[in-house]
Every structure is written in structure tokens, then in C-alpha cells.
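Here are the chains, one letter per residue:
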Amino acid sequence: GTASAASTCLHFSAMSRLRTLSRCSGRLAARIAAGAAASALVNARRSTLAESPSVSVPGVDERLPPPAKLDDPEYNAAVLERWREHVRQAREAWQRKDMPAAEAQLKQALEAAGHFGGSSAPMATSLLNMAQFYRRANRQADAEPLLLRAADVLDQTAGPYNKVTVIALVDLAKTQLELGKAASAADGFEDALERMHQAISSSEDGHTALVPMRPAVLLLAARAQQKMGQEGEAEARLRLAVGLLSEQWGPESPRLIVPYDALGKLYRSQLGREAEASDMEERVGSLRRIQADFSSGGGAALRQKLSAGGAVLYGAGKCAETRRQLIEAQGLEGSFKYVDCAANAQVGEFCKSQGVDTHPTWVIHGRRLNGFLPREGLAQACDHLLDHE
């Protein structure tokens, strides 16, 4: 209870990732039944993490038993409150750009977390907070050992397929790539992708949490493989990223610019693939024009279409797909009405009376459209429904 309560009190990026640790780790790990090949890969990675150099934290040694006062509720509460205060002060120092003060407070939080043990949630949170601080300060060499330790702790406590564990592994691989350790980074990205695959295949929760992450990790993995001269493997990763992004956001989404651009550069560097390179470059140009059109006026046009269609978006505040839809709709505020069907029982009954049984659901020109829609899809839906009124 103490550890899980602590994980809800931070406001660094690592904190938000730990909020689901205590409630997700048990049920997710219990439902995972990885195949033999996947298990071998993950077990090998876990062995590598366990053998990695540990981070020196004053007064903390994960091989020693917890402090004698760990069973003293009042003392635990006092330590926890001190830990929270260090994190709060670190956040405030970061906001006023006082980096030395932020670093000092994070180190004190890390030391305080040692009271709960080297494998506790406060320790994992503090390690991630400290590592993210170093990454933002371009101190990747300082961040790497902290991420190694955090990944090991999370692997053993939250579970190998937990979202927080996977994100820590991705951050570790990104750090290694930035340090020029392409081989280690490639192994790390491969490990993270395999864990994503297993979680997505085995769990509804894993699907909603990890599916949006896969394309970005594939792009990073491709970059690491290119640095190692593995152009065939890099191409395969980039093409898979294109497929996933097209499926999630539509074939004309500007989110495809990055993988198409990477493919174009890859083809341009290879003899005999000039035509393929030109094709990718044309696609990038087309998508950039779509992006520029939306920025300069397309957004206004879509707002007008949604307003004219009396658009209503029905969602549920805790639904990951609803959150993704609201993020996609940023900048369109005022052109549609949003109804949170999970707000209370009365609103929930109203949603049911409107025939809404999935989230998100759009109602435009009186017609229901179930599921997430990218901006391009919204524009096309508005035009189609208007033509068929």
C-alpha cells in the first residue's frame, strides 16, 4: 500500500508510467503465456540486465535485507512524506530551470527510496526520475546505469510485459543508441518489441497500452540496425512501421512522413533503387502538402464541417482510445460537443439511449461512427455523410 501510494505522487514523466504498476503487474503477468522462442529471448535479456553494473546509492544495497524499521507504519509514513517532498522540490527546481537544485533533490529522493528496499516501487520511480533528468540534460552516460537498474527492478517486480517495464527498456535502448552503442541498442529494441508482441497478443490491457508505441520503437530499431549495416533488417522494420501507422491513422496521415523519409534515404543510398527512392520522396512531399494545408486552413475547414454536422463525440474518460481521440482532436475544440459517458450514471444512461455502446463514438449528421478516427478520416466522414443526408 505504501509503495503504490507513493507512485501516484510524482509529476515527472517516469511517474505517470508507474501509476499503473501495482494494479497491472499481477493480472497482466498472470495472463501472459509466451512462446518458447519469445521466452528464450526475454530470459536472455533478463539475465543481461541482472548482470549489468549496479547503481551506487548511498545506504542502499538490494542484496541486503530491508531496514529494521520497515515494519514501523509511522516511520514508513515519515520517510514516504520526505521522499515525496524531495520529488516536489525537484519538480519545482526543474520548472524554474535550477538544474543543480533539481539534481540534488532527486538524489535525496533516491536515497530516501532506499528505505523501502532496492526492488521497491519508490526505488524504481526514483531511478527513472533521475535517469530522465540526465537524459533531458544530455547526460546519457549518467542515465544509462540508472536505466539498467530500473529495468532490472521493474522486470522482477512489475513483470517483463508490463508497460512501465517496456518503456524503461525502450528508454535504455534509446540512451545506448545516443551513446553510439548500436549493437546494445538493437538488442534492447528487439527485446522491447518482442515483449510488446507478447503483451498485445495475450492481453486487452496490453493492446490498448502498447499498440501506439510500436511504430516509434520500430523506427528506432531501424536506425540502430542501419548503424550496424543491417540494411535489410532496417527496411523490414520501416515497412512494418508504415503498415502499423497506416492502420492506426490512415494512409494519408502526416505521421507516415518519418518512415517514408527514412525509407527514401535508405533506398537512395543503394544502387539500383533510385525509382523506389523517388516514390518514397514523392509520398513524403504529398503528405507534407497535406500537413501544410491543414495547418494553414485545413483545420478551419474541418472545424466548419464538424460544426455543420452537429458533431458529438461520445467517450469514456478512462478509455485509452477515447484519450487518443481527444489528443487527435486538439485544435478542433468548439466545433463538436464531447460527452463523457463515464462521468456518472445519469450520463451513462443518456449515452445508452443514444445507441452508444462503444467508445469513442462520433455522431455526425445524425449518423453514428464507432471507433477512433484520424483527422483525415473525420474530414472524409463529414463529406460522405453530408452527401448522403
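Only a predicted model underlies this, so the values are computations on that prediction, with no experimental measurement involved.

Quick look at the overall build of the protein chain
Working step 1: If you tally the helices and strands in the protein chain, you get 18 helices and four strands.
Working step 2: Counting every position in the protein chain, which comprises 389 residues, the buried fraction comes to 48%.
Working step 3: In the protein chain, 67% of the contacts between residues at least 6 apart in sequence involve partners at least 24 apart.
Working step 4: Split by element, the accessible area of the protein chain, about 18,700 Å² in all, is 51% carbon and sulfur.

Here's the deal with the pattern of salt bridges
Working step 1: In total, this model carries 22 salt bridges according to the counting rule given.
Working step 2: For Glu 178, the salt bridge is made with Arg 135, and the minimal N-O distance between the two is 3.0 Å. Linking Glu 178 in helix 9 (residues 163–178) with Arg 135 in helix 7 (residues 121–136), this pair joins segments that are 43 residues apart in sequence.
Working step 3: On the basis of relative accessibility, which here comes to 45%, the residue Glu 178 falls in the partly exposed class.
Working step 4: Among the ionic pairs, Asp 142 bridges to Arg 139, the shortest N-O distance being 3.0 Å.
Working step 5: Take Asp 142: its relative accessible area is 35%, and that puts it in the partly exposed class.
Working step 6: Residues joined in a network through salt bridges with shared partners are Glu 103, Lys 107, Arg 139 and Asp 142.

A word on the confidence of the model for the protein chain
Working step 1: Per-residue pLDDT for the protein chain averages 81, and the proportion of residues at 70 or more is 78%.
Working step 2: A low-confidence stretch, residues 57–66 (pLDDT under 50), is modelled with 13 contacts involving residues beyond four sequence positions or located in other chains.

Topic: the pairing of strand 1 (residues 312–315)
Working step 1: Of the two faces of strand 1, the one lined by Val 312 and Tyr 314 and the one lined by Leu 313 and Gly 315 are each fully buried.
Working step 2: Where strand 1 meets strand 2 (residues 337–340), four bridges bridge the pair, whose relative direction is parallel. Bridge pairing in strand 2 links Tyr 314 to Val 339.
Working step 3: The β-α-β motif built from strand 1, the intervening helix 16 (residues 320–328) and the parallel element strand 2 has right-handed crossover chirality.
Working step 4: With three bridges connecting them, strand 1 and strand 3 (residues 361–364) associate as antiparallel partners. Directly across from Tyr 314, in strand 3, lies its bridge partner Thr 361.

Here we look at the sheet that holds strand 3
Working step 1: Ordered in space as 2-1-3-4, the four strands form an open sheet in which the pairing is mixed. Of all the strands in the sheet, just strand 2 and strand 4 (367–370) have a single pairing partner and so form its edges. Strand-to-strand twist in this sheet, taken as the mean axis angle between neighbours without regard to direction, amounts to 20°.
Working step 2: Sitting on the sheet, helix 16 is in contact with strand 1, strand 2 and strand 3, with an inclination near 150° to strand 1.

Considering the packing of aromatic side chains
Working step 1: Scanning the entire structure with this criterion turns up four aromatic pairs.
Working step 2: Consider the rings of Phe 336 and Trp 362, whose centres lie 5.1 Å apart with planes at 65°: the pair is edge-to-face. Here Phe 336, found in the loop between helix 16 and strand 2, pairs with Trp 362, found in strand 3; they are 26 residues apart in sequence, far enough to count as distant. Here Phe 336 and Trp 362 have matching classes, each one buried.
Working step 3: Through a chain of ring-to-ring contacts, the aromatic side chains of Trp 94, Phe 133 and Tyr 134 assemble into a single cluster.

Scoring rules and cut-offs
Residues numbered from 1 in each chain as written. Predicted model: local features only at pLDDT ≥ 70, side-chain atom pairs only at ≥ 80, totals over all residues. Heavy atoms only, no water. Helix = DSSP H or I, 4+ residues; strand = E, 2+ residues; numbered from the N terminus. Buried < 20%, exposed > 50% of the residue type's maximum accessible area, 1.4 Å probe, protein only. Contact = heavy atoms within 4.5 Å. Areas by Shrake-Rupley, 256 points an atom, 1.4 Å probe, with all protein chains shown as cover. Salt bridge = Lys/Arg side-chain N within 4 Å of Asp/Glu carboxyl O. pLDDT = per-residue confidence, 0-100. Pairing = 2+ DSSP bridges. Right-handed = clockwise from strand over helix to strand, strands pointing away. Axes fitted to C-alpha atoms, helices over the stretch in contact; angles between N-to-C directions. Phe/Tyr/Trp six-rings, centres within 6.5 Å; stacked < 30°, edge-to-face > 60°.

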